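Here are the chains, one letter per residue:
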Amino acid sequence: MFIGALLILTWLVLLLRYPAKALPISLAALFGLGLVALWVVWLDNREARQLAHLELRLTYAPEQCPADRPLQVHINNGNPVPLVELRWRVAAYAPGDTVNLAENTYAAPRYRGPGELQPGASWQECLPLPPLRSGYRPQSVDYRAEHLQGSFAD
């Protein structure tokens with residue numbers, strides 16, 4: 001932090017002392033910084049649009065899944081490009097409530113999707129449940145995927 005403050009102070013001194021030389025360089029640097037910021041915003045919006053085209057459903061299905069992994073996940077890739085990697089957190093909500101009942105502790109399971117999912121393809125798997133707060137049963141809550149992070153092929 002000290003180095004950053006020192007650089008800004010030095011830049012201000014040079015700008016005040018030698019405005020004819022420092023101003024064009026400062027404008028060029030500002031233009032370059034603006035281009036980098038636009039590129040980052042564009043990439044972030046592209047990823048958000050691609051994640052919005054994924055259909056991800058979580059259901060408690062002890063009849064179709066093993067006892068140690070009763071949470072069934074179904075992912076459909078509605079993007080025109082392959083899904084390379086997908087990570088998310090599972091949240092559990094009582095019907096009509098907004099309080100997350102899943103305990104996101106260090107020991108909670110980490111959820112990852114398929115390695116590569118082609119456009120229009122589906123993936124289905126059984127996963128372990130997240131630990132719930134005491135007093136709640138797994139069959140009485142709704143499960144949702146939150147904090148999706150993914151990457152897609154270009």
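Reference entry: report on the structure contained in this document. Please read these numbers as outputs of a predicted model, since none were measured by experiment.

## Comments concerning the overall build of the protein
In step 1: Counting secondary structure elements, the protein contains two helices and six strands.
In step 2: Taken from N to C terminus, the helices and strands of the protein fall in the order α-α-β-β-β-β-β-β.
In step 3: For a compact globule of 154 residues, the expected C-alpha radius of gyration is about 15 Å, and the protein comes in at 24 Å, more than 25% above that figure.
In step 4: On the principal axes, the C-alpha backbone points of the protein span a range of 75 × 40 × 25 Å.
In step 5: Scored against the burial criterion, the 154 residues of the protein give a buried share of 29%.
In step 6: Counting only contacts in the protein whose residues sit at least 6 apart along the sequence, the fraction spanning at least 24 positions is 69%.
In step 7: A total of about 10,500 Å² of accessible surface is found on the protein, and carbon and sulfur atoms cover 62% of it.
In step 8: Each charge class in the protein can be summarised by its mean position, and for the 13 positive and 13 negative side chains these summaries are 10 Å apart.

## Considering the sheet that holds strand β4 (residues 111-112)
Strand pairing in a sheet is mediated by backbone hydrogen bonds. Such pairs are either parallel or antiparallel.
In step 1: The three strands are arranged β4-β3-β6 in an open sheet whose pairing can be described as antiparallel. The outermost strands of the open sheet, each flanked by one partner alone, are β4 and β6 (142-152).
In step 2: Across two bridges, strand β3 (residues 83-93) lies against β4 in antiparallel orientation. Opposite Trp-88, over in β4, you have Tyr-111 as the bridge partner.
In step 3: The strands that helix α2 (residues 19-52) touches are β3 and β6; relative to β6, the one it contacts most, it runs at about 135°.

## Concerning the pattern of salt bridges
Once their charged atoms are close, side chains differing in charge can pair, the charge on each being opposite to the other.
In step 1: Applying the stated rule across the entire model yields five salt bridges.
In step 2: Across the pair Asp-68 and Arg-69 runs a salt bridge, and its minimum N-O distance is 3.9 Å.
In step 3: By relative accessible area, Asp-68 is classed as exposed at 57%.
In step 4: Residue class for Arg-69 comes out partly exposed when judged on its relative accessible area of 30%.
In step 5: In this structure, the salt-bridge partner of Glu-125 is Arg-69, at a minimum N-O distance of 3.6 Å. Of the two residues, Glu-125 is situated in strand β5 (residues 122-127) and Arg-69 in the loop between β1 (54-60) and β2 (71-77); the sequence distance between them amounts to 56 residues.

## Considering the side chain of Gln-72
In step 1: For Gln-72, the position within the fold is in strand β2.
In step 2: Setting aside anything within four residues of it in sequence, one finds Gln-72 in contact with Arg-57, Leu-58, Thr-59, Ala-61, Gln-64, Cys-65, Gln-124, Glu-125 and Cys-126.

## Quick notes on the sheet that holds β1
In step 1: With respect to topology, three strands assemble into an open sheet ordered β1-β2-β5, the strand pairing being antiparallel. If you trace the sheet from one side to the other, it starts and ends with β1 and β5, each paired once. Between one strand axis and the next, the sheet turns through 15° on average, direction left out of account.
In step 2: As defined by bridge partners, β1 adjoins β2 across seven bridges and the pair is classed as antiparallel. Its bridge partner lying in β2, Glu-55 is registered against Asn-76.

The rules behind the values
Residues numbered from 1 in each chain as written. Predicted model: local features only at pLDDT ≥ 70, side-chain atom pairs only at ≥ 80, totals over all residues. Heavy atoms only, no water. Helix = DSSP H or I, 4+ residues; strand = E, 2+ residues; numbered from the N terminus. Rg over C-alpha atoms; globule rule 2.2 N^0.38 Å. Buried < 20%, exposed > 50% of the residue type's maximum accessible area, 1.4 Å probe, protein only. Contact = heavy atoms within 4.5 Å. Areas by Shrake-Rupley, 256 points an atom, 1.4 Å probe, with all protein chains shown as cover. Lys, Arg positive; Asp, Glu negative; His and termini not counted. Charge placed at Lys NZ, Arg CZ, Asp CG, Glu CD. Pairing = 2+ DSSP bridges. Axes fitted to C-alpha atoms, helices over the stretch in contact; angles between N-to-C directions. Salt bridge = Lys/Arg side-chain N within 4 Å of Asp/Glu carboxyl O.

In short, geometric facts, not functional conclusions.
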